[in-house]
Each structure stands twice: as structure tokens, then as C-alpha cells.
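Structure at a glance
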Number of protein chains: 2
Amino acid sequence: MKKIKLFKILFLTFLFSYLPKTLAQSLDEKSLTNFKSTADSIVSRSLFDQKGYEWLKELCRIGPRLSGSENSLKAIYWAKEKMESIGLDSVWLQPVMVPKWVRNDIETAIISFSKKYKGRKLTIASYGGSIATPANGITAEVVEVKTFDELKTLGDKVKGKIVFFNRPFDKGLVNTFEAYGKAVDQRTQGAIEAAKYGAVASIVRSITSKDDYVPHTGVMYYNDSIPKIPHAAISVLDAEFLSRAIKEEPTLKITINMNCENYPDVLSYNVIGEIKGSKFSNEVIVLGGHYDSWDKGCGAHDDGAPCIQTMEVLELFKRLNLKPKRTIRCVLFINEENGLRGGIEYGKYADTAKVKHLAAIEADRGAFTPRGFNVTTDSTTISRLKQWLPILNKAHIDWIRPGGSGGDVAQIKNAKALFGFVPDDQRYMDVHHSDNDDFESVHPREMQLGTAALAILTYLLSEEGL
Amino acid sequence: MKKIKLFKILFLTFLFSYLPKTLAQSLDEKSLTNFKSTADSIVSRSLFDQKGYEWLKELCRIGPRLSGSENSLKAIYWAKEKMESIGLDSVWLQPVMVPKWVRNDIETAIISFSKKYKGRKLTIASYGGSIATPANGITAEVVEVKTFDELKTLGDKVKGKIVFFNRPFDKGLVNTFEAYGKAVDQRTQGAIEAAKYGAVASIVRSITSKDDYVPHTGVMYYNDSIPKIPHAAISVLDAEFLSRAIKEEPTLKITINMNCENYPDVLSYNVIGEIKGSKFSNEVIVLGGHYDSWDKGCGAHDDGAPCIQTMEVLELFKRLNLKPKRTIRCVLFINEENGLRGGIEYGKYADTAKVKHLAAIEADRGAFTPRGFNVTTDSTTISRLKQWLPILNKAHIDWIRPGGSGGDVAQIKNAKALFGFVPDDQRYMDVHHSDNDDFESVHPREMQLGTAALAILTYLLSEEGL
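Rules used in this analysis
Residues numbered from 1 in each chain as written. Chains lettered and ligands numbered in written order. Predicted model: local features only at pLDDT ≥ 70, side-chain atom pairs only at ≥ 80, totals over all residues. Heavy atoms only, no water. Helix = DSSP H or I, 4+ residues; strand = E, 2+ residues; numbered from the N terminus. Rg over C-alpha atoms; globule rule 2.2 N^0.38 Å. Buried < 20%, exposed > 50% of the residue type's maximum accessible area, 1.4 Å probe, protein only. Contact = heavy atoms within 4.5 Å. Lys, Arg positive; Asp, Glu negative; His and termini not counted. Salt bridge = Lys/Arg side-chain N within 4 Å of Asp/Glu carboxyl O. Pairing = 2+ DSSP bridges. Axes fitted to C-alpha atoms, helices over the stretch in contact; angles between N-to-C directions. Parallel < 35°, antiparallel > 145°, perpendicular 65-115°, else oblique. Left-handed = near helix turned anticlockwise from the far one by under 90°. Nonpolar A, V, L, I, M, F, W, Y, C, P; charged D, E, K, R; others polar. Disulfide = S-S within 2.5 Å. Arc of directions from axis to C-beta. Right-handed = clockwise from strand over helix to strand, strands pointing away. 1 Å grid on protein atoms, 1.4 Å probe; cavity = no way out; pocket = protein on both sides within 12 Å on 5 of 7 lines; lining within 4 Å. Points joined across faces, edges and corners; volume = space filled by probe spheres on them. Polar contact = N/O pair within 3.5 Å; in protein donor to acceptor, adjacent residues only side chain to side chain. Phe/Tyr/Trp six-rings, centres within 6.5 Å; stacked < 30°, edge-to-face > 60°. Lys NZ or Arg CZ within 6 Å of the ring centre and 35° of its normal.

Attention shifts here to the overall build of chain A. Scanning chain A from N- to C-terminus turns up 15 helices and 16 strands. For chain A, whose C-alpha radius of gyration is 25 Å, the value lies close to the compact-globule estimate of 23 Å for 466 residues. Considered along the principal axes of its C-alpha atoms, chain A spans approximately 90 × 65 × 40 Å. Counting all 466 residues of chain A, 61% fall into the buried class. For chain A, contacts bridging at least 24 residues in sequence account for 83% of all contacts bridging at least 6.

For the rest of this paragraph, the subject is the side chain of aspartate 292 of chain A. Residues and elements named next belong to chain A. Within the element layout of this structure, aspartate 292 appears in the loop between strand E11 (280–290) and helix H10 (300–319). Summary of buried charges: aspartate 292 has no salt-bridge partner, and the nearest side chain of opposite charge, arginine 65, is 7.5 Å away. Apart from residues lying up to four places away in sequence, aspartate 292 is in contact with Arg65, Ser67, Asp303, Phe333, Ile334, Asn335, Glu336, Glu337 and Asn338.

A separate point is the sheet that holds strand E3 (residues 121–122) of chain B. Residue and element names in this part refer to chain B. If you trace the eight strands from one edge of the open sheet to the other, you get E3-E2-E9-E5-E6-E7-E8-E4, paired in mixed fashion. Lying at the two open borders of the sheet, with one neighbouring strand each, are E3 and strand E4 (124–126). Helix H7 (residues 185–196) contacts strand E6 (162–165), strand E7 (201–205) and strand E8 (231–234) of the sheet and is inclined by roughly 155 degrees relative to E7. Here helix H8 (residues 236–248) sits on the sheet in contact with strand E2 (107–113), E3, strand E5 (138–145), E6, E7, E8 and strand E9 (253–258), set at roughly 90 degrees to E5.

Turning to the packing of helix H9 (residues 300–319) of chain B against helix H14 (residues 444–464) of chain B, a few remarks are in order. All names here are of chain B. Running from amino to carboxyl end, H9 crosses H14 at an angle of 55 degrees, the nearest separation of the two axes being 9 Å. It follows from the interaxial angle that H9 and H14 lie oblique. H9 and H14 meet at a crossing whose hand is right-handed. Contacts between H9 and H14 involve Ala305, Ile308, Gln309, Thr310, Glu312, Val313, Leu316 and Phe317 on the former and, on the latter, Glu446, Met447, Gln448, Gly450, Thr451, Leu454, Ala455, Thr458, Tyr459 and Ser462. Its residues assigned to classes, the contact of H9 with H14 shows nine nonpolar, seven polar and two charged.

All names here are of chain B. Judged by pairing direction, the sheet is mixed, and its eight strands sit side by side in the order E1-E10-E12-E11-E13-E16-E14-E15 without closing on themselves. Edge positions in the sheet fall to strand E1 (90–102) and strand E15 (399–402), since each of these pairs with one other strand and no more. Ignoring strand direction, the axes of neighbouring strands in this sheet form an average angle of 20 degrees. Packing of helix H11 (residues 379–386) onto the sheet brings it into contact with strand E14 (370–376), E15 and strand E16 (417–423), and relative to E15 it is tilted by some 175 degrees. Most of the contacts of H14 go to E14, to which it runs at about 40 degrees, and overall it touches strand E11 (280–290), strand E12 (326–333), strand E13 (356–362), E14 and E16.

So, about the state of the cysteines. All names here are of chain A. A full pass over the atoms with the stated rule returns two disulfides over all chains. A sulfur-sulfur distance of 2.5 Å marks the disulfide that ties cysteine 60 to cysteine 298. Measuring handedness by torsion sign, the sulfur bridge of cysteine 60 and cysteine 298 sits at about 55 degrees and is right-handed. In this pair, cysteine 60 is assigned in helix H3 (residues 51–62) and cysteine 298 in the loop between E11 and H10, connecting sequence segments 238 residues apart. You can call cysteine 298 buried: its relative accessible area is 6%.

With that out of the way, let us pick up the pairing of strand E7 (residues 201–205) of chain A. All names here are of chain A. Of all five residues in E7, five are buried; the element is thus mostly enclosed. Neither face of E7 is exposed, since Ala201, Ile203 and Arg205 on one face and Ser202 and Val204 on the opposite face are all buried. Two elements, strand E6 (residues 162–165) and E7, share four bridges in a ladder whose sense is parallel. Residue pairing in the sheet places phenylalanine 164 in a bridge with isoleucine 203 of E7. In the sheet, E7 pairs with strand E8 (residues 231–234) via four bridges, with the strands oriented parallel. Following the sheet pairing, arginine 205 is matched in E8 by isoleucine 234.

Now for H11 of chain B. All names here are of chain B. Residues of H11 that are buried include every one of Thr381, Ile382 and Leu385, and no others. For H11, the arc enclosing every buried residue in end-on projection is 105 degrees, short of the 170-degree limit, so these residues lie on one face. Set apart from the buried face of H11 by more than 90 degrees, the exposed residues are Ser379 and Thr380. Close packing links the buried residues of H11 with E14, helix H12 (389–392), E15 and E16.

The subject of this paragraph is the environment of leucine 237 of chain B. Residue and element names in this part refer to chain B. Mapping leucine 237 onto the fold places it in helix H8. Residues leucine 237 and proline 324 lie 87 residues apart in sequence; the distance between their C-alpha atoms is 51 Å. Sequence-distant contacts of leucine 237, that is, excluding residues within four places in its chain, are made with Asp211, Asp212 and Tyr213.

With respect to the element layout, serine 405 of chain B can be found in the loop between E15 and E16. In this structure serine 405 of chain B touches Glu362, Thr376, Ala410, Leu418, Phe419 and Gly420 of chain B, once residues within four positions along its chain are discounted.

With that out of the way, let us pick up the pattern of salt bridges. In the structure shown here, the tally under the stated rule is 66 salt bridges over all chains. The salt bridge partner of glutamate 248 of chain A is lysine 116 of chain A, with a shortest N-O separation of 2.9 Å. Of the two residues, glutamate 248 of chain A sits in helix H9 (residues 236–248) while lysine 116 of chain A sits in the loop between strand E2 (107–113) and strand E3 (121–122), which places them 132 residues apart along the sequence. Glutamate 248 of chain A sits in the partly exposed class, given a relative accessible area of 44%. Two residues, arginine 427 of chain B and glutamate 446 of chain B, come together in a salt bridge whose shortest N-O distance is 2.8 Å. Of the two residues, arginine 427 of chain B sits in the loop between E16 and helix H13 (428–431) while glutamate 446 of chain B sits in helix H14, which places them 19 residues apart along the sequence. Here arginine 427 of chain B and glutamate 446 of chain B have matching classes, each one buried.

Side chains on a regular strand alternate between the two faces of the sheet. All names here are of chain A. Burial analysis of E11 places eight of its 11 residues in the buried class, which makes it a mostly covered element. In this sheet, strand E12 (residues 326–333) lies alongside E11 in parallel orientation, the contact comprising eight bridges. Directly across from glycine 289, in E12, lies its bridge partner leucine 332. Regarding the hand of the β-α-β motif, the stretch spanning E11, H10 and E12 is right-handed.

Our next topic: the layout of surface pockets. Sizing a probe to match a water molecule and rolling it over the atoms shows the empty space that remains. Here the largest pocket is characterised by a volume of approximately 1400 Å³. As for the largest pocket, its lining consists of 49 residues, of which Arg427, Glu440 and Ser441 of chain A together with Arg427 and Glu440 of chain B are closest to the centre. Those elements that provide at least two residues to the lining of the largest pocket are H3, helix H14 (428–431) and helix H15 (444–464) of chain A together with helix H3 (51–62), H13 and H14 of chain B. When its residues are assigned to classes, the lining of the largest pocket shows 14 nonpolar, 12 polar and 23 charged.

Our focus in this paragraph is the environment of lysine 196 of chain B. All names here are of chain B. Looking at the secondary structure, you find lysine 196 in helix H7. Given a relative accessible area of 45%, lysine 196 falls into the partly exposed group. Taking the C-alpha atoms as reference points, lysine 196 and leucine 151, 45 residues apart in sequence, are found 9.8 Å from one another. Polar contacts involving the side chain of lysine 196 include one to the side chain of glutamate 193, which spans 3.1 Å.

In this section: the packing of aromatic side chains. For the structure shown, the criterion picks out 24 aromatic pairs over all chains. Their ring planes at 75 degrees and their centres at 6.4 Å tell us that tryptophan 101 of chain A and tryptophan 294 of chain A sit as a pair that is edge-to-face. In this pair, tryptophan 101 of chain A is assigned in strand E1 (residues 90–102) and tryptophan 294 of chain A in the loop between E11 and H10, connecting sequence segments 193 residues apart. When sorted by exposure, tryptophan 101 of chain A lands in the same class as tryptophan 294 of chain A, which is buried. For the ring pair phenylalanine 35 of chain B and tyrosine 459 of chain B, a centre distance of 5.9 Å and an interplane angle of 80 degrees mean the geometry is edge-to-face. With phenylalanine 35 of chain B in helix H2 (residues 29–49) and tyrosine 459 of chain B in helix H14, the pair connects residues that are 424 residues apart, well separated along the chain. There is no split in this pair, since phenylalanine 35 of chain B and tyrosine 459 of chain B are both buried. Grouped by ring-pair contacts, the aromatic residues Phe35, Phe317 and Tyr459 of chain A constitute a single cluster. Lysine 100 of chain A extends its terminal NZ or CZ atom over the ring of tyrosine 263 of chain A, reaching a point 5.3 Å from the ring centre. Over the ring of tyrosine 291 of chain B we find arginine 65 of chain B; its NZ or CZ atom is 5.6 Å from the centre of that ring.

Structural data, given as C-alpha cells:
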């Protein structure tokens, strides 16, 4: 009896420790074959036709799409018309009030007092939300710091001066988003910290992986209880030059001139289009990106191309005559860059909508070659999703991992799974928020393979549910 | 008793079906942690210092490195000096006789008889090994075909004409090497097939994923029993133009002029450098690429940057003070493009060498962002190698799969495992064998992450053996 029990227990222990994995791989052979075949068609058509890439060319011709700008409205109407032209079941604009900040035509910096470098220009870009300088600019000595602690130690010594935050993007980190995250406080909080100690302006070494003369902009914040000072990015190569120059000549002065302006909020829109599900039309799968961009380059990778990838997914369903069982909805969120208003507004709508938001997929990491999907969901669902990898791999998706989706879709609180599309990130920070983010920086095959990856995941979700 | 047996059998069945996987994951926790830590250092230093990328800049300044050319010898001496300068234990040149073909200064095509298009130039590039045209060129009508079958059907109708092979690179295929493979017979065999039916020359639509006016060269063959005719690539956009033009005007003629030449074989070298193993110096791990290139661009991705990645692996060991247990040897093989003589010569040496070639890693798919390693070995070794994925993943290696290594290292017949480094392939065929393959086409982080991937695999092999 003892022996019986021993083996019985051992057997059952093994069985149950083994079963979950076995069951999790239970997508039947026929479905797997069919899905793989559909995935092949999706990949092939996306790569061959390069339709999204052509759309991106059209979008980039409109120019950058900063929230509240005329361009952003043009782009919104362009997307609405494009969605209508592909025969979606519904296309609509969701009104959103957005902040309006305008860069205007002056953003200059020049070495104005120096024995050696007088007249040397420095390439800068006002940060989004910054106030202007007085019309004759701000002229002051420059104090370089790498951290807020260093600034705190200097304290009053920065009074009347321009604080120069020069902590570099750490190129040694493999994850460029991590490197970005470790430097970005200089941009977001720098003006507040510098003003605390009486600085008259602040500049920040551009947060980028590329050494060039192109400044990278982005959002910055003020604190109402602390004086507001002008705040701008300086290109990496000019930051390195300036750092050397002030070591040589600590009394060197620079003059900064910026005429950017903040305005009251204005009306804008999320652009939404959908294909109704043939069987479960009240279950919605959202996919989208943020449609606004910074006002440098044309916001190609951030986030024009990814937006277009999500639009093209719906068009690909039409082109391939795929009729999704569940409703698939493309949402182009406005104002992620400096407010997240579009995401928040859609989130509010989703909370009260009669339809159920099953899943949402965000594309906001550029349109580079696909690598994987982050997903925020329970572990059982993750195991199930991993069954789909042999299908997703057709578009070079090598993994599904627990991880963050993105700022916009994270506002959809009740979705069972929130996905973040993860393309390769090695080139992203070269272009991010700068003039480098132009149409030419997007590679057609990389973009179209991403479209295919998004389409395959969307198709699987629409057919299999969650 | 029966019950005992049943559960015993069930238990043992489960146990043994389960065990291999468990054992295969048995790299102990401490080793795993240590290896991960070393991998982190490798990745970080490689990305931060970008030393290989700087070396590539130096190499590209020398120019392209076609076998037998003066440039190729300059590059060989440059690599030898570089290896010596980093303090390797041995550096030597292995003599190899290589073919010599010279493009020379004339390769033109022009529409010479046409009502509408007379005088329109077409961008062409002689294929490596092609004979020249007569000094006054070859003037003839053009017959377009897509396949050799189509050519066969036309038969004598191509007599006295120029055969124009216009089967496109299939952009719908996700694997660009597969698309290349499906089009390349036009280049390699086209002159033989066209001459069979009396054609006087042949041109081939460039085998590339990019639509531009840049022709892509490559190796071509003759058959001694069939007349030799001049054979050249035409750029994709000119191929499309020409295809339309001859449909409009079938009697249109073009004149091709080429003055390339074949010479007798000349002396060249493989460049070899190594760090002796501290414990098993008679076990060698080879890593390398082919050092020759085509004579367009500077052979940056094909195969300059990958060669430099393998050189930098040894230098990284020095920089990080890693002392490999087994000997690691970088071999820069000459003449892969039009002869494979370097690989064959090294293979002969390896067959008779006193040292044991444990493993060899080839890098010949460009210097794009890393994805995985192909490996040719037994299934037990593959299972074991897969244990290393959490370590290799530090450099974004997501998989190890059975697959081909590369033409050069495949000549090392007795190695236990032959690896092929597989970076992302979406942009490779844009530049391959053309002027597009210049220094600017290589991204520093993508290249350096590849170096790190190669270094981590080399380190694991050197420490753990196979």
C-alpha cells in the first residue's frame, strides 16, 4: 500500500505540475495551421504593398502635429478621410480640449561674452511649455551641473545665472528607454529646480543617443509656487563644446532668446474608426498610438508611423477580406506629448461605454523592426498568449512579456489585457523629439513588418477572444 | 501489484519525459549570475566605447576590398597592425591565392536607338567575373524575361540580342535572404543561359529590396563550353523604366560598354589573431567574417563591420581583462565573394592542425541589431546552448535555432558546433553589393550590440566548452 501511494503521489504531483504547460499549448493543430496561413498572408501583403509607408509620406507632407496647432487639425481631418475612404463601419472624432503652446520663430543661443568664443552660436530648442525670454534675451554666466544634488550643493551660487544640466544619456545601457528615463528629469524638472536657487534660465543637454548638432525638445513642467524661467534643450555636440568652453573661461556669458508662448486650451480630437465584429460586436479591441507629435521633424517615428500602422491594420483586414468576430477599433489619441488629454478622454468614455473593452494595444515606440509585445494582464492569460508566438513569429515577434503598454491605452481601466508593441529600440532615441524624426528615418520594411505584427495580434484577439 | 506497476510506470514515464528539459536548464544559479554580470559588462562597454565603430570608420577610409585589389592588401595590413596593437598572443597572415577581376572605369548603358528615349542613360554595374564588351560596346535590341523557362521558350528569338532578366526581388517575403536566393540565379547563371540561345549580352534587374538608381553587383559564372558574354546589373528603377520602354518600342536598342578584366590569380591572405586559452589552449574557438568585399561602397555591412565585430571581441576580452580558458581566434577570411578561397584554405589548415577546433562563429549577415544564432550541431548541444539564452539575451539574442553558419566557417569540418550570427535582415538587401553599403549605413549601437552578442557567446564557449 505504501508503495502504491508513493508512486500515486509522485505521479499525480508530476502530472499536475506538468499539465498547466501542456494545456496552455492546446491551440489545436488545425487552428494553428489556419492562423499561420493567415499570418503569412498578412505579412506578405503588408511588406509587398507598403501602403502604410505611402500613407506616412502623405502625413509627413502635412508637417509636425503639435497639439493645438493648425497642422494637427489638418492631420486629424486627413486621418478621418483616410479611414472613411477604406470603408470602415464607423469613423468619428471625439472632442478633446488640449493645451496650446507655440514655439514661434526665435530660439537662439550665442556666446556673448568671451575672449575666445564670442559670437559662437549654440543650437537650442525651447522645451514645450516654456515661457519666453524677454525680447532682448537673457544674458548670464553658465553653471554646469550633472544632478539636482549638485545643484542643491551650489545653492545660491547659481543665482542670476543660467543652469546648464549636462548629465548625458547613458549610451552603455542596452535599453534606450531606460537611458532616456535616467536623464529626462533634467528636462521635466530642471526649470523648477534651477529656479529654486535663483537661476534666470536653464538649458539641458539633449536626451539622445546621437552625437550631433540637433537639439531634442520635449515636455517640461513648472511649479506655480516657484518662479518660471525659460528652459531649452541644447544639442549634444554644443553641450560638449559649452562644457569645455566654461571650464576654460568660467566668466563666459551666453545670451538666450526665445519667443515661445502658452495659450488657453483649444478644441481638438481623437480620431476613431472601427470594423464591427461579426459575432461579438460588443467586445472591442482597441489599437492605436498618439497622433500629436512635437513640432520638430514630422513626428515620423513618434508617433506618426505607429499611428498609421494601427490604421493600416484595419485596412489590411479589408484588403485581405478578414471579417473579425470582435470589433476592432483604431484610436488615434491626441495630446500624449504634453497632456495625455486624448487618452484620458477616451478612458472616461471607455468606463461608461456599453461595449466591453476586451484588449487594447498601444504602438508608441517607433516603427522599427518588431521584437515583442509587452502585456499587462494576469499570468494565465500570458500563458495563453504565449501559445500564439509561433503565429506572431511570422512577423518576427520573438516574445510576449509582462510589461507596460503605454500612456494612452493604460487609461482604459477595464480591459482584460493591455499590450505595448515593442519594436527594436536602438535607433529610436537618435530621432526622438527632433528634426531627425523625419520621413527618411523610417524604413519601409521595418514599418510594414510592424504593421503585420500588430495585425496578427489583432486578428488572434478578434478570433480567439481572451 | 498491478496498481503499483501502473503508477510506477506512469511516474517513470513522466519523470523521464520531463527530466531532459530540467537537466538542460541546469546551469547553476551562481554561474548564471556570474555570466549575466560579465554579459552586462560586455554590453555596457561595447555600447559605450563604440570602439569597433571607430575602427570601421578607419577601414572604410581605405575603400572597398575586392579580392586581389591593392585596397584589399592595405586593409589586410591595417587589420594585422590593429590586432598587433591590442596585444594578442599571436597574429599572422595565412597566404591564399585569390582570383583577380578588375571593374575598370567603363560601365555604361544608354538607349541608342529609339524614337522616344534615345540618349537616356541606364545605371549598370558589371558583374564580378564578367568579360568586357568590345571597345565600341554592344548595341542590340532587348528581350525581357523573368525566368530561364521563359528564355528557353523564346530560344533562338534572343539570338543577337541582349537578354534582360527582370524577375524582381520578392518584397512580400519576410526573410530577405530567401527573397535574394529566389532571384540570384539570374545573376549567377544568367550569362550562361542567355548565351546558350545566342544572346550577345545580358543584364539583370538588381537583386535588392530598395527601389533606387543604384545597381547591385555580385559574382557570376561562365560555362567553358558556352560562349562568354558580358553580364551586368541594372538598377531597379532603370529596370522598371526599360521594361516599360521596350513594351512601348520593341525595336528600341541599347548600347552597353564595359571594360572590366580578368587576371591570373594573385597572392592574398587570411588575417588571423588569437588569445591563448589559459586552461585549454589546444581547444580553439574561431570567430570571423569575410574580409573581402565587392568594389562598390566600402563593404561596410558586407562584411567589413561584422569582421570588425569579431576583431573587437578579442579586444573586448583585453579591455575587460577576461582571460578565456580556451583559445579564441579571430579569422578574417579573404575571397568569400568570388571564390571562397580563404575559407577553403583555412579549412584545410584546420583539418591538419594539432589544435582542436571546438566551435566556429561566422558573422556575414550585416551589422544590424542582433536577433539570434543559427547553429549546426547535435540536438543535445542545442538544448545545452539554449540554457545560455538568459545570458545572451543581455545583447538582445532572443533565440538559438538549428541553421546554417556561413560559407567560410562551414569549411572547418571537425568543429563540434558551427554558429551563424543572425542580426535583423530587413535593411540588409538595400545596401548589399552596392554603393549603398557605406559607413553611414551602419548604426553604431546596432553594430556594437552585435559585437556584444558575439563576445558573450565566445565567452560562454571559452568558459564552458561544448
